[in-house]
Amino acid sequence: MEAMIERCAGLDVHQETVVACVLFGRLDRKPEKTIETFETTTTDLLALSDWLSEREVTDVVMESTGVYWKPVWNILEDTFRLVLANARHVKNVPGRKTDVKDAEWLAQLLRCGLIESTFVPPEDIRDLRDLTRYRKKLIHHRTSERNRIHKILQDANIKLTSVLSNIFGVSGRKILEAIINGEKIETKQLHELVDK
């Protein structure tokens, strides 16, 4: 394999640790390597960034396994050219697998230009995606709770939907509040609450 990058690093990222392997040296020779393990706390990830900078690393690769790569990416993205590799595309040879070997394998592939980066949108778009996904989840939870309340009412033979199109509208909430307060509601009162 022909080398293309003089100073690069491969990161094997886990929940609590990051194993970093730096390969450096002339392109026409076998590279030297340095390996270090860091914790995934912000302080240690900043130390990782400093450690990579001290070794004049220009390019860094990590696998896109789970969500563990995100904090590492956020700390390193302004300082290095980052490559996020799809785990399926960079699988190592089967056998005795270690974090150090994985980090070294990633660095070797990057040094030879053999890793195609997964698209990572800019930070503001990533933040917007997270907010949108969270909003969608909240809407789903709200819908689930509304369905549960509707089922409880049906089980109790309280047929609000025969009087209201939306039992969670203003009138519906007034009626639900009256029911929760233990008030007995007759049909005439029900129509009065709906008309208010």
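Structural notes, computed from the coordinates. As the structure is a prediction and not an experimental result, all values here were calculated from the model.

The rules we used
The residue numbers shown here count from 1 along each chain, following its written sequence. For this predicted model, a pLDDT threshold of at least 70 governs which residues receive local features, and a threshold of 80 or more governs which side-chain atom pairs are given and counted, while totals over whole chains, interfaces and linings are taken from all residues. Side-chain metrics in this entry use all non-hydrogen atoms of the structure; hydrogen atoms and water are not considered. Comment: elements are numbered from the N terminus, with helices defined as DSSP H or I runs of at least four residues and strands as E runs of at least two. Taken over C-alpha atoms, the radius of gyration is set against a globule rule of 2.2 Å times the number of residues to the power 0.38. A simple rule labels every residue: compare its accessible area, found with a 1.4 Å probe on the protein chains alone, to the largest value its type can have, and call it buried under 20%, exposed over 50%, or partly exposed in between. Contacts between residues were defined by any pair of non-hydrogen atoms, one from each residue, lying within 4.5 Å. For the purpose of counting charges, residues Lys and Arg are taken to be positive, whereas Asp and Glu are taken to be negative. His and the chain ends are not included. A single reference atom marks each charge: NZ on Lys, CZ on Arg, CG on Asp, CD on Glu. Each axis is a line fitted through C-alpha atoms, taken for helices only over the stretch in contact, and angles between the N-to-C directions span 0 to 180 degrees. If an angle is under 35 degrees, it is roughly parallel; if it is over 145, roughly antiparallel; if it lies from 65 to 115, roughly perpendicular; otherwise it is oblique. In this scheme the handedness of a crossing depends on how the near helix is turned from the far one: anticlockwise by less than a right angle means left-handed, clockwise means right-handed. Residues are grouped as follows: Ala, Val, Leu, Ile, Met, Phe, Trp, Tyr, Cys and Pro are nonpolar; Asp, Glu, Lys and Arg are charged; all remaining types, including Gly, are polar. Crossover handedness is defined by viewing with both strands directed away from the observer: a clockwise path from the first strand over the helix to the second marks the crossover as right-handed.

This part takes up the overall build of the protein. Along its length, the protein carries 6 helices and 5 strands. Each helix (α) and strand (β) of the protein, taken in turn from the N terminus, gives the series β-β-β-α-β-α-β-α-α-α-α. Computed over C-alpha atoms, the radius of gyration of the protein comes to 28 Å, more than 25% over the 16 Å expected from 2.2 N^0.38 for 196 residues, which places it beyond the range of a compact globule. With respect to the three principal axes, the spread of C-alpha positions in the protein is 90 × 35 × 25 Å. Scored against the burial criterion, the 196 residues of the protein give a buried share of 32%. Long-range pairs, those at least 24 residues apart, make up 50% of the contacts in the protein between residues at least 6 apart in sequence. Both charge centroids of the protein, one from 30 positive and one from 31 negative side chains, sit 8 Å from each other.

Running from N to C, helix H1 (residues 42-54) and helix H2 (residues 69-76) point in directions that differ by 50°, and their axes come no closer than 10 Å. Regarding the angle of H1 to H2, the classification is oblique. Crossing angle aside, the handedness with which H1 passes H2 is right-handed. Residue-level inspection shows Thr-42, Leu-45, Leu-46, Leu-48, Ser-49 and Leu-52 of H1 in contact with H2, the latter providing Pro-71, Val-72, Ile-75 and Leu-76. Its residues placed into classes, the contact of H1 with H2 shows 8 nonpolar, 2 polar and no charged.

Of all 5 residues that make up strand S5 (residues 81-85), 4 are buried, and the element is covered over most of its length. With respect to chirality, the unit in which strand S4 (residues 59-63) leads through H2 into the neighbouring parallel S5 is right-handed.

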